[in-house]
Amino acid sequence: MNSKKSGRRRFLKEGAALAGLALGATRMASGETPDSEAGKASPKDLHAYGERSRFETSARLGNNNRWGSNPKSGVPFVYGPLTPLQDSIGIITPAPLHYIVSPPGNEPPDIDPQKHRLLIHGMVERPLIFTLDELKRLPSVSRIHFLQCRGNGDPSRPERKMPNSTVQLTHGLTSCSEWTGVLMSLLLKEAGVKKGASWIVAEGAEQSMHFKSIPLEKAMDDVLVAYGQNGEAVRPEQGYPLKLLVPGWQGINNVKWLRRIKVVDQPYMGRRESTQYPEMRPDGKSRWFQVEFGPFSVITRPSGGQRLPSRGFYEITGLAWSGGGAIRRVEVSTDGGKTWKDAELQQAGHRKAHTRFGLAWNWNGEEVLLQSRSTDEKGEVQPTVAELARFLSVPAEWFKAPGGIVGNFNVIQTWKISPDGSVQNALFS
Ligand SMILES: Nc1nc2c(c(=O)[nH]1)N[C@H]1C(S)=C(S)[C@@H](COP(=O)(O)O)O[C@H]1N2
Ligand SMILES: [Mo]
């Protein structure tokens, strides 16, 4: 065992040294002095686990625990770190760019998968304990689904409204991955749900033990106990080694570092679900247990902070998603919603997943109010600010008020393109 280990270490060392030599040789050939590269060679074996090109710099914004602040305005983030949607390609978010919501006390624990267990108990005939290896012996499914924090697009956040905000700041609390795991329904059938049970409570293994009540009906529908994310293990920030995936529902339901499922007959009113999630309305009433997202969409190119270098041809492209199922249609307007054109959907059909849309366009150099509007398989259409206000019976002004937190704020986003080609956030214009 010991000799095996040191042999491996020796191999890695030699491998790194060789890689370093090769790197130095290439750089020297391209005209750089060896001194400027001294000490810079990566000790990692990039053939063992690769890295992107050093010219690629797209990154999450915001600090995990302190959230950080907007580098341009200094305004502190309420959430973070955020996915750089302005750089998104296709529909899959690379795991290292997936947004993270892990407030203090809910930071990723360092879990040894060999020691991790998933317990299913409560109102069941047979309480069960699974190791990760046991879960992996069961039939698996792989599904593409978005994840979104209910605060994505929250208009009470300063960065949601600032003219110089990027789409990362306005919409970066959503990401999309291929998730692989076992259907919750299979595990619950295995355990045998008792009559009278109507909810499950899912619990995470971190210090503050986030837990969330989820209706049994949803748990038996399309909820996944996921161990895979985009073809590898779920990342620690996303819930390694097990993440509950509750497709189309608010992010809070997707319990990370999942270790316990209790089958019960009522919601358990977890800390977050009882104190932070009921939304106070201006009339003093609050909305409880909003869960499923309606249709969203946002144009990612051109978007806030970008600049069109000249008039002429551009593809307008962006992402659409809905908790209600597949995106059926996305329309694009270049005149602030007066007229609309159907965009092309690049990957139609994935339910509760990001869907990329595109529309060929010629910019004539004049001011443009750029918008997109999605429709999902239920026929739900993404609303304007005024339509959402009417639907919720609240004054539209209330959306702007600090503290008037609104989840599921799926309004049509407006980007304003000025004659100089600059693109600005124009949410309330
Ligand atoms: N155990 C645990 N699960 C959690 C949370 C948490 O703090 N702890 N945050 C929830 C919230 S509010 C969101 S939006 C999603 C974010 O998942 P992500 O960090 O993988 O993007 O995780 C949810 N699951
Ligand atoms: Mo969230």
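Structural notes, computed from the coordinates. In this text the structure is predicted, and so the values were computed from the model without any measurement.

About the criteria used
In this convention, every chain numbers its residues from 1, walking through the sequence in written order. As they are written, the chains are lettered A onward and the ligands numbered 1 onward, keeping that order. Restriction of local features to residues with pLDDT of at least 70 applies here, the model being predicted, together with a cutoff of 80 or more for giving and counting side-chain atom pairs; totals for whole chains, interfaces and linings are based on all residues. To get the side-chain values, all heavy atoms of the structure are used, and hydrogens and water are removed first. Proximity criterion: a residue is near a molecule or strand once any of its heavy atoms comes within 4 Å of it. Under the rule applied, a polar contact is a pair of N or O atoms within 3.5 Å (in protein, one hydrogen donor and one hydrogen acceptor; residues adjacent in sequence only if both atoms are side-chain atoms). Computed with a 1.4 Å probe, the accessible areas rest on the Shrake-Rupley method; for each residue, only the protein chains presented here act as cover. Cavity and pocket criteria rest on a 1 Å grid covering protein atoms alone: a 1.4 Å probe that fits but cannot get out defines a cavity, protein on both sides within 12 Å along at least 5 of 7 lines defines an open pocket, and an atom within 4 Å of a point defines a lining residue. Those molecules having more than half of their atoms within 2 Å of a cavity or pocket grid point set are described as sitting in that cavity or pocket. For this scheme, ten residues count as nonpolar: Ala, Val, Leu, Ile, Met, Phe, Trp, Tyr, Cys and Pro. Four count as charged, namely Asp, Glu, Lys and Arg, and the remainder, Gly too, count as polar. Grid points are joined across faces, edges and corners, and a volume is the space filled by probe spheres set on the points. Put simply, buried Ala, Val, Leu, Ile, Met, Phe, Trp, Tyr and Cys residues joined by side-chain atoms within 4.5 Å make one nonpolar core. For each residue, the accessible area found with a 1.4 Å probe, counting protein chains only, is set against the maximum for its type, and the residue is called buried under 20%, exposed over 50%, and partly exposed in between. Numbering of helices and strands runs from the N terminus; a helix is a DSSP stretch of H or I covering at least four residues, while a strand is a stretch of E covering at least two. Whether two strands pair depends on DSSP finding at least two bridges between them. Orientation is described by axes fitted as lines to C-alpha atoms, over the contacting stretch for helices, and by angles from 0 to 180 degrees between their N-to-C directions. Side-chain rings of Phe, Tyr and Trp, where Trp is taken by its six-membered ring, are said to pair if the distance between their centres is within 6.5 Å; with planes under 30 degrees apart they count as stacked, over 60 as edge-to-face, and otherwise as tilted. Placement of a positive charge over a ring is assigned whenever Lys NZ or Arg CZ falls within 6 Å of the ring centre and within 35 degrees of the normal to the ring plane.

## Things to note about the site of ligand 1
Taken together, 22 residues form the shell around ligand 1, and within it Tyr99, Glu206, Lys243, Lys256 and Arg272 come nearest. Glu206 places a side-chain nitrogen or oxygen 2.6 Å from a nitrogen atom of ligand 1. A distance of 3.3 Å separates an oxygen atom of ligand 1 from a polar atom in the side chain of Gln238. Calculation on ligand 1 without its partners gives an accessible area of 530 Å², and the protein chains cover 99% of this total. Under a 2 Å grid-point criterion requiring more than half of the atoms, the pocket assigned to ligand 1 is the largest cavity. Its residues placed into classes, the shell around ligand 1 shows 10 nonpolar, seven polar and five charged.

## Considerations on empty space enclosed by the protein
Per the counting criterion, the structure on display carries four cavities of 30 Å³ or more. The calculated volume of the largest cavity comes to roughly 240 Å³. The wall of the largest cavity is formed by 20 residues, among which Val101, Gly251, Asn254, Lys256 and Arg272 lie closest to the centre. Broken down by class, the residue content of the lining of the largest cavity amounts to eight nonpolar, seven polar and five charged.

## Here we look at the nonpolar core
Val332, Phe357, Trp361, Leu370 and Ile417 are the most contacted members of the largest nonpolar core, which has 31 residues in total. Elements with a contribution of two residues or more to this core: strand E3 (141–148), strand E13 (295–301), strand E14 (312–322), strand E15 (327–333), strand E18 (355–363), strand E19 (368–376) and strand E20 (414–417). A per-element tally of this core places E14 first, with five residues. Val124, Leu187, Leu242 and Leu258 belong to the second-largest nonpolar core, a separate cluster that totals 29 residues.

## Some details on the sheet that holds strand E10 (residues 258–264)
Ordered by their spatial adjacency, five strands build an open sheet running E2-E1-E10-E5-E6, and the pairing between neighbours is mixed. At either end of the open sheet lies a strand with only one pairing partner, and these are strand E2 (128–130) and strand E6 (211–215). Within this sheet the neighbouring strands show an average axis-to-axis angle of 15 degrees, counted without direction. With three bridges joining them, strand E1 (residues 118–122) and E2 adopt antiparallel strand pairing. The residue bridging Leu119 from the neighbouring strand is Ile129, located in E2.

## What to know about the packing of aromatic side chains
Per the stated rule, a full pass over the model turns up six aromatic pairs. Note on Phe293 and Phe296: the rings are 5.8 Å apart at their centroids and 85 degrees apart in plane angle, and the pair reads as edge-to-face. Take Phe293 and Phe296: they sit in the same class, and that class is buried. Summarising the aromatic geometry, the rings of Trp398 and Phe399 are spaced 6.4 Å apart at their centres and angled 45 degrees between planes, so their arrangement reads as tilted. Both residues of the pair, Trp398 and Phe399, belong to the buried class. Through a chain of ring-to-ring contacts, the aromatic side chains of Phe146, Phe293, Phe296 and Trp321 assemble into a single cluster. The cationic tip of Lys136 hangs over the ring face of Tyr227; the distance from NZ or CZ to the ring centre is 5.4 Å. The positively charged end of Arg373 is found above the aromatic ring belonging to Trp340, 4.2 Å away from the centroid.

## Focus on the sheet that holds E15
Backbone-to-backbone hydrogen bonds join strands into a sheet, with any given pair of strands oriented parallel or antiparallel. The sheet built from five strands is open, its strands ordered E16-E15-E19-E20-E21 with antiparallel pairing. Since the sheet does not close on itself, it has two edges, and those belong to strand E16 (341–342) and strand E21 (423–425), each with one partner. Of the strand pairs in this sheet, E15 and E16 are connected by two bridges, and their pairing is antiparallel. Across the sheet, Glu331 pairs through a bridge with Asp342, a residue of E16.

## Remarks on unusual backbone geometry
Cis geometry marks the peptide bond from Tyr240 to Pro241, where omega comes out at 5 degrees. As for its placement among the helices and strands, Pro241 is situated in the loop between strand E8 (232–233) and strand E9 (243–245). The omega torsion of the bond from Arg301 to Pro302 falls at 0 degrees, within 30 degrees of zero and hence cis. Backbone geometry at Met209 places phi at a positive 45 degrees, although glycine is not the residue there. Within the secondary structure layout, Met209 lies in the loop between strand E5 (199–204) and E6. Even without a glycine there, the phi angle at Lys352 is positive, about 55 degrees. Secondary-structure assignment places Lys352 in the loop between strand E17 (344–345) and E18. The buried category is assigned to Lys352, whose relative accessible area is 6%.

Fair warning: the whole summary comes from geometry, so function is off the table for now.
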